[in-house]
Amino acid sequence: MGQEISASRFRKQDFSRFGRALADETALLQQWHEQGGLSNRHGNIGFELEAWLVDAEGNPAPINEEYLALLGDSALYTPELSRFNVELNSTPLALEGDALARMQRELEDNWGRCRKVAQQLQAELVMIGILPTVRDTMLSLQNMSRMERYRALNEQMLRLRQGQPLQLDIVGEQHLEALHGDVMLEAATTSFQLHLQVAQHKAVRYYNALQILSAPLVAISANSPLLFGKRLWQETRIPLFEQAVAVGGIAGGAFGPLRRVSFGSGYARYSLMEVFTENAEHFPLLLPVDLGEERTQLHHLRLHNGTIWRWNRPLVGFDEDGTPHLRLEHRVIPAGPSIIDAMANAAFFYGLVQAVAERPDAAEQQLEFFQARDNFYAAARYGLNAQVTWLDGRRGRMGELLLRLLPLARQGLAEWGCEPQLSDYYLSVIEQRLRSGQTGSAWQLDYLARHGEDLAAMLAAYREGQESGEPVHAWRV
């Protein structure tokens, strides 16, 4: 979905041609799966960090075109749906030794450069799941990035919805209802997306482990409690994104049971090919552009996959020698609150998925998919106070489960070959966040409770904490 396209209006024959190419490429990927033709390289990691551009008052600043022109490196910095969001990408590296420290240094260097460029435009850069000062009226087509792919995405979404507006209905601590006439609601959600390349023979176990682990990971990283001034879920990005792109699968038309943004329809059983087959069979085409005849690059399959936003999404890429590989993209973690918090979240993520995926008994046999799904939405809504069911069948508070998972994460990082001192450092941030109970969401809500409803003042204090370099558990309210 990151690639630009050449047109935003399509004809019937465009859909037919794209559909044939998608079917052909899906069959080719099936052949590679059956013949063991996918890479067995395992453990390359990377991230995508989405961030907000804000003005001196803390309001969204729709200047990403001018901003990216000043940055100049399109490989590392790319536009997002709205003109007040940008994305920072990392260089892939193998997860071993001091890899996490090197990833942190790269993020710090890029973030520092990005902030300096923003300041040249009398703006600032903020990493936060949902910007508390964003208002519904700002999420308009006028503030959409000037790229054909976004214009086409909006037109096709509305076509599938038969022109019906998107309905926002989130019940949390308070209740938010709104109607919106385009896809720009999605622009209010920014995340820290973590990638992990997996060997073909390990892919099913790792994918299923991510489904199971999404609940604890969204609870510990929660940083989006507010939308349009309403206190909603601990991680309001989850219902917001799902309702912002509310288009179903083919089985029930635009309003069918399979949703384009979802937790998924089940665990993988035999291979991740099941997910790509579901893509081709159950989701209408959104961007039927002409991507040429070179089927071995899977251009059509990859673009179609990019318009289906599972919270854990398998991706197809290519090694340096051209061998196709599988990556897992974990989308549940919000941006922020600080660089050290983001890196602690990453360490916790990579350690846990290794330990759970490599356990002798398959974790997915210990927890039904519906329980993993229910855990996820409960954790997104209630955070550390969510009541969840775990692999041992015990039901309890999420905060207590997370404390029990810390040794597992440490074990997983050791199995990756990460330096023990670094693992201890990052996981100590998670532990102190847990023991204090001060996630990014908790800090935001506590600040408003103590200082009143001035969202701009809260954002200013949040930015001060972010720029201090301290983890959120150490921020003063």
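Here the structure is a predicted model, which is why all the values come from computation and not from measurement.

Calculation criteria
Residues numbered from 1 in each chain as written. Predicted model: local features only at pLDDT ≥ 70, side-chain atom pairs only at ≥ 80, totals over all residues. Heavy atoms only, no water. Core = buried A, V, L, I, M, F, W, Y, C linked by side-chain atoms within 4.5 Å. Buried < 20%, exposed > 50% of the residue type's maximum accessible area, 1.4 Å probe, protein only. Helix = DSSP H or I, 4+ residues; strand = E, 2+ residues; numbered from the N terminus. Contact = heavy atoms within 4.5 Å. Pairing = 2+ DSSP bridges. Axes fitted to C-alpha atoms, helices over the stretch in contact; angles between N-to-C directions. Parallel < 35°, antiparallel > 145°, perpendicular 65-115°, else oblique. Left-handed = near helix turned anticlockwise from the far one by under 90°. Nonpolar A, V, L, I, M, F, W, Y, C, P; charged D, E, K, R; others polar. Salt bridge = Lys/Arg side-chain N within 4 Å of Asp/Glu carboxyl O.

**Observations regarding the nonpolar core**
Here is step 1: In terms of nonpolar packing, the biggest core is built from 164 residues, with Tyr67, Phe348 and Tyr350 touching the most fellow members.
Here is step 2: No other element matches helix α9 (residues 339-357), which puts 14 residues into this core.
Here is step 3: Ignoring sequence-local partners within four residues, the contact set of Phe348 consists of Leu217, Ile220, Leu402, Leu405, Leu406, Ala409, Leu427 and Ile430.

**Focus: the pairing of strand β14 (residues 324-330)**
Here is step 1: In terms of burial, β14 is largely enclosed, as 6 of its 7 residues are buried.
Here is step 2: Here strand β8 (residues 192-198) runs beside β14; their pairing, made up of 5 bridges, is antiparallel. Looking at β14, one finds that Val198 is bridged to Leu326.
Here is step 3: Looking at chain direction, strand β13 (residues 312-318) and β14 are connected through 7 bridges and run antiparallel.

**Comments concerning the packing of helix α13 (residues 440-451) against helix α14 (residues 455-468)**
Here is step 1: The interhelical angle for the contact between α13 and α14, taken along N-to-C directions, is 130°, at an axis separation of 10 Å. Compared by their axis directions, α13 and α14 come out oblique. Along this stretch, α13 crosses α14, giving a crossing that reads as right-handed. Of the residues in α14, those in contact with Trp443, Gln444, Tyr447 and Leu448 of α13 are Leu455, Ala457, Met458, Ala461 and Tyr462.
Here is step 2: Here the residues of the contact of α13 with α14 are counted per class, giving 8 nonpolar, 1 polar and no charged.

**Concerning the pattern of salt bridges**
Here is step 1: Taken as a whole and judged by the stated rule, the model has 24 salt bridges.
Here is step 2: Residue Glu124 pairs with Arg115 through a salt bridge whose shortest N-O separation is 2.7 Å.
Here is step 3: By relative accessible area, Glu124 is classed as buried at 8%.
Here is step 4: Linked by salt bridges that have partners in common, Arg115, Glu124, Arg463 and Glu467 make up one network.

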